[in-house]
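Given next are the chains, with one letter for each unit.
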Amino acid sequence: MNGHQFLYQKISVMPSQERCKCCAGLILTPFVIALIVWLTIRSSPPNFSIHKFSVPALNKTSSDFNNSKNINATISFQAKLKNENKEKGVYYDTLNLTIDYYNENSSSFWRIGNISLPPFYQGREKTATRNNATQSYGVPWEYARMKVRNGTKAKFRVNLETQVRYKSLLWKSKRRRISLKTNITVDDQGKSGANSLRFKHLLLSNQVRSSIVGMVLSSSILLLIV
């Protein structure tokens with residue numbers, strides 16, 4: 001092969017390579033942009049916790065502990081809601097809190113109270129505290145008192161249902177449903193031994209969907225690069 005033939009082949013190949021690079025760039029760019037957008041709008045769910053859970057009717061040191069006719073059926077606790085997002089605020093819809101009591105005879109939880117907290121907005125990296133109290137109903141107090149008197153803790157559960165929207169500088173997300181619960185044990189002082197009880201996330205719709213979309217985008221980019 002002489003010099004003229006080599007030069008001709010080199011010149012004829014280069015435009016084809018450049019076209020391939022250009023096509024690859026055009027294909028890759030939308031995926032990169034989509035990934036950046038997804039990383040920007042991805043949000044962490046709020047952190048919910050329960051503190052100072054108190055059931056005065058189970059306090060054996062109270063003067064009316066042995067009085068079955070005069071029972072303080074109030075249940076009180078403090079709820080903390082923390083927005084851990086550094087770039088997004090959170091709009092909360094009405095927060096519906098329900099309280100259940102575990103009945104060992106039926107091996108099931110009974111609904112004994114409910115509380116509704118009004119909607120509010122929470123700024124970035126802010127913590128909101130809500131003190132709550134409700135009159136319970138349907139609790140077998142004599143049985144529950146007998147259990148704690150004998151050293152067994154009474155079991156309760158707090159459930160939370162709400163929807164949230166995330167707010168950045170230029171947009172608001174769609175509503176995302178959150179369903180949470182936490183189990184609580186109460187001793188013969190009418191209090192929970194744990195200072196802080198974190199809710200367990202049962203369902204965070206759209207969050208899983210967003211994660212799947214992000215994984216698909218990332219996988220697509222890797223396949224294109226390879």
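The chain is annotated in an unreviewed UniProt entry as Late embryogenesis abundant protein LEA-2 subgroup domain-containing protein of Papaver nudicaule. Looking at the Subcellular location (unreviewed entry) heading of the UniProt record, one finds this comment for the chain: "Membrane".

Undergrad: Let's hear about the overall build of the chain: which residues, and what values?
TA: Across its full length, the chain holds three helices and 12 strands. A total of 226 residues make up the chain; the buried ones form 37% of that total. Of all intrachain contacts in the chain linking residues separated by at least 6 positions in sequence, the fraction that spans at least 24 positions is 72%. Carbon together with sulfur atoms contributes 56% to the accessible area of the chain, which is approximately 13,800 Å² in total.

Undergrad: Break down the pattern of salt bridges for me, citing the residues and quoting the values.
TA: Across all of its chains, the model carries six salt bridges by this definition. For the salt bridge of Arg175 with Asp93, the shortest nitrogen-to-oxygen distance reads 2.8 Å. You can see Arg175 sitting in the loop between β8 (154-167) and β9 (176-186) and its partner Asp93 sitting in the loop between β3 (89-92) and β4 (95-103), a full 82 residues away along the chain. The class for Arg175 is partly exposed, based on a relative accessible area of 42%. A salt bridge links Arg111 to Asp100, with the nearest nitrogen and oxygen atoms 2.5 Å apart. One end of the pair, Arg111, is in strand β5 (residues 108-117); the other, Asp100, is in strand β4, and 11 residues separate them in sequence. For Asp100, a relative accessible area of 2% gives the class buried. Salt bridges linked by common partners bring Asp100, Arg111 and Arg157 together as one network.

Undergrad: Tell me about unusual backbone geometry, residues and numbers included.
TA: Unusually for a residue other than glycine, Lys52 sits at a positive phi of about 55 degrees. Take Lys52: it is sitting in strand β1 (residues 47-59). On the accessibility criterion, Lys52 (63% relative accessible area) is exposed. Not every positive phi belongs to a glycine, and Ser107 is a case in point at roughly 55 degrees. Note on placement: Ser107 falls in the loop between β4 and β5.

Thresholds applied
Residues numbered from 1 in each chain as written. Predicted model: local features only at pLDDT ≥ 70, side-chain atom pairs only at ≥ 80, totals over all residues. Heavy atoms only, no water. UniProt positions renumbered as here; feature names shortened; annotations may be inferred. Helix = DSSP H or I, 4+ residues; strand = E, 2+ residues; numbered from the N terminus. Buried < 20%, exposed > 50% of the residue type's maximum accessible area, 1.4 Å probe, protein only. Contact = heavy atoms within 4.5 Å. Areas by Shrake-Rupley, 256 points an atom, 1.4 Å probe, with all protein chains shown as cover. Salt bridge = Lys/Arg side-chain N within 4 Å of Asp/Glu carboxyl O.

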